[in-house]
Amino acid sequence: MPASEAALLTRLQTLLPSLVLESSAAQHALLETVASLAIADPEPSPQTILAQLAQAGLLTHCVPAVDAAPGRELSIRVLCLLRAALAYRSPLYDLMFVMQGLGSHAVVQAGSPQQRRDYLPRVAQGQAISALALTEPEAGSDLSGICTSAQKQADGSYRIDGEKVFISNAGLATHYVLYARTAEHPKRGLSAFLLPAATVGVETQSMRLLCDDHPIGRVILRGVILPESARIGDEGQGMSLALGTLARFRPTVGAAAVGMAARALHEAIAHVRRRQQFGQPLANFQATQLRLAEMATELRAASLLVQHAAHTLDHAASPAEPAGPESAMAKLFATEMAQRVVDGALQLHGGSGLVFGSVIERLYRDVRALRIYEGTSEVQKLIIARSLLH
Ligand SMILES: Cc1cc2nc3c(=O)[nH]c(=O)nc-3n(C[C@H](O)[C@H](O)[C@H](O)COP(=O)(O)OP(=O)(O)OC[C@H]3O[C@@H](n4cnc5c(N)ncnc54)[C@H](O)[C@@H]3O)c2cc1C
């Protein structure tokens, strides 16, 4: 292993230090794989990234084998480790990795044998690109507001009309796991469908956000016809599949935040050692040292919360009982922490931290969305409060 890769591996090992997988050799091997990924600058296209992740065997950790044991298909500890390490190296690699899991987990939970056979291996090999289509113009935090309709036709097929917004991988995806209304009941009226992107009536429009590397857009559905066999699970099971997906992946957002914050901290340390002002390195000033100490302490606190949530989920008596408050605390604290740490790191860089395209400037833009997607910080607080008051 080249010296630079070995140094990177050492850093990745500090991200979630007490996250013990089945064996420390397994943990080491996963991190070694991430350290050895060749990441070009500028980063390659999302398709190339997926091919790299697939070739390295990493996608199989977020898209389980067709015959994996029901309810225990994913190791959340492995997902957290990989997301932290990938996000440390590149938030875009992390995104392309996790979307394969988010956009296939409904099939993992309730797909028919044929859906599982046809779809999961292709997602795990990066041949199919997956996306999760929940959010709508009038339904964000409150999924019971989803109004995209899936009307059953006389021949058993469904006609789908509506609009989804903020859909990661829109335009790139080959398949969407789409949530639509099959009945009026706000929660029990939602159903999930596996929608091939090439279906007649599906149109995508890209959106440009602050995190402008993030492939994202609208998905407009006009008279889309899907056979009954495209439905995932039963009619009315949609809300539980959506919440089940979000619950499993929630601590992994915290892990990505840990990876991004750790990268920012390491960039800041390197900068303050190098940069001289008033005749000495910035690192000599106590104000700099106090700031670094605060950043490192917050980072460690967040990584421990993430590790605790991942352990709790992996060891829950029943996979149907997600570790609600633990996961919510991990996501809430880690994403809020990452925002503060990245901001602190940028401040330590001075003007150079604002230079477009620099590592710290990109992290500053990328980190912001983590407090919003997959349940905003306020929604995480509501989950925690519910567990305290119920
Ligand atoms: C980069 C990015 C990627 C995304 N990718 C996807 C994707 O792949 N698929 C997908 O389906 N969606 C995706 N989303 C959408 C994301 O899940 C939603 O943005 C998120 O759920 C919040 O919904 P909203 O934006 O409509 O905000 P709103 O729900 O309108 O919330 C606005 C504000 O009100 C607050 N609020 C809402 N309800 C309450 C309450 N009860 N109490 C207190 N405060 C409240 C929120 O916390 C927030 O601060 C993505 C979003 C972003 C930014």
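Residues numbered from 1 in each chain as written. Predicted model: local features only at pLDDT ≥ 70, side-chain atom pairs only at ≥ 80, totals over all residues. Heavy atoms only, no water.

### Regarding helix α4 (residues 76–89)
Thinking step 1. Relative to the 20 Å expected for 14 residues at 1.5 Å per residue, α4 spans 20 Å between its end C-alpha atoms, a close match to the ideal helical length.
Thinking step 2. Of all 14 residues in α4, 13 are buried; the element is thus mostly enclosed. (Helix = DSSP H or I, 4+ residues; strand = E, 2+ residues; numbered from the N terminus. Expected span 1.5 Å × (residues − 1). Buried < 20%, exposed > 50% of the residue type's maximum accessible area, 1.4 Å probe, protein only.)

### Digging into the environment of Pro227
Thinking step 1. When you line up the elements, Pro227 lands in the loop between β7 (216–226) and β8 (231–232).
Thinking step 2. Pro227 gets classed as partly exposed once you look at its relative accessible area, which sits at 44%.
Thinking step 3. Not counting residues within four places of it along the chain, the set of residues in contact with Pro227 comprises Ser157 and Tyr158. (Contact = heavy atoms within 4.5 Å.)

### Considering the site of the ligand
Thinking step 1. Neighbouring the ligand are 19 residues, the closest being Thr135, Ser141, Phe166, Thr376 and Glu378.
Thinking step 2. Note that an oxygen atom of the ligand is positioned 2.6 Å from one of the side-chain N or O atoms of Glu378.
Thinking step 3. The dominant element in the shell around the ligand, judged by the number of residues it contributes, is strand β3 (residues 158–168), at 3 residues.
Thinking step 4. In the shell around the ligand, the residues fall into 11 nonpolar, 6 polar and 2 charged.
Thinking step 5. Each of domain 2 (130–236) and domain 3 (240–389) contributes no fewer than three residues to the shell around the ligand. (Near = heavy atom within 4 Å. Polar contact = N/O pair within 3.5 Å; in protein donor to acceptor, adjacent residues only side chain to side chain. Nonpolar A, V, L, I, M, F, W, Y, C, P; charged D, E, K, R; others polar. Domains from an automatic or database assignment.)

### Here's the deal with the domain arrangement of the protein
Thinking step 1. Taken domain by domain, the protein comprises domain 1 (3–124), domain 2 (130–236) and domain 3 (240–389).
Thinking step 2. Taken over C-alpha atoms, the centre of domain 2 sits 30 Å from the centre of domain 3.
Thinking step 3. Contact residues are listed per partner, giving 11 residues for domain 2 and 13 residues for domain 3.
Thinking step 4. Taken together, the two surfaces of domain 2 and domain 3 that pack against each other cover about 900 Å², and 67% of this comes from carbon and sulfur.
Thinking step 5. By the criterion of area lost to domain 3, the three top residues of domain 2 are Tyr179, Leu210 and Cys211, representing 41% of everything that side buries.
Thinking step 6. Inspection of the domain 2/domain 3 interface yields 2 salt bridges.
Thinking step 7. With a shortest N-O distance of 2.8 Å, Asp213 and Arg362 are connected by a salt bridge.
Thinking step 8. For the interface between domain 2 and domain 3, the tally reads 3 residue pairs in polar contact (both at pLDDT 80 or more). (Buried area = accessible area lost by both parts, 1.4 Å probe. Salt bridge = Lys/Arg side-chain N within 4 Å of Asp/Glu carboxyl O.)

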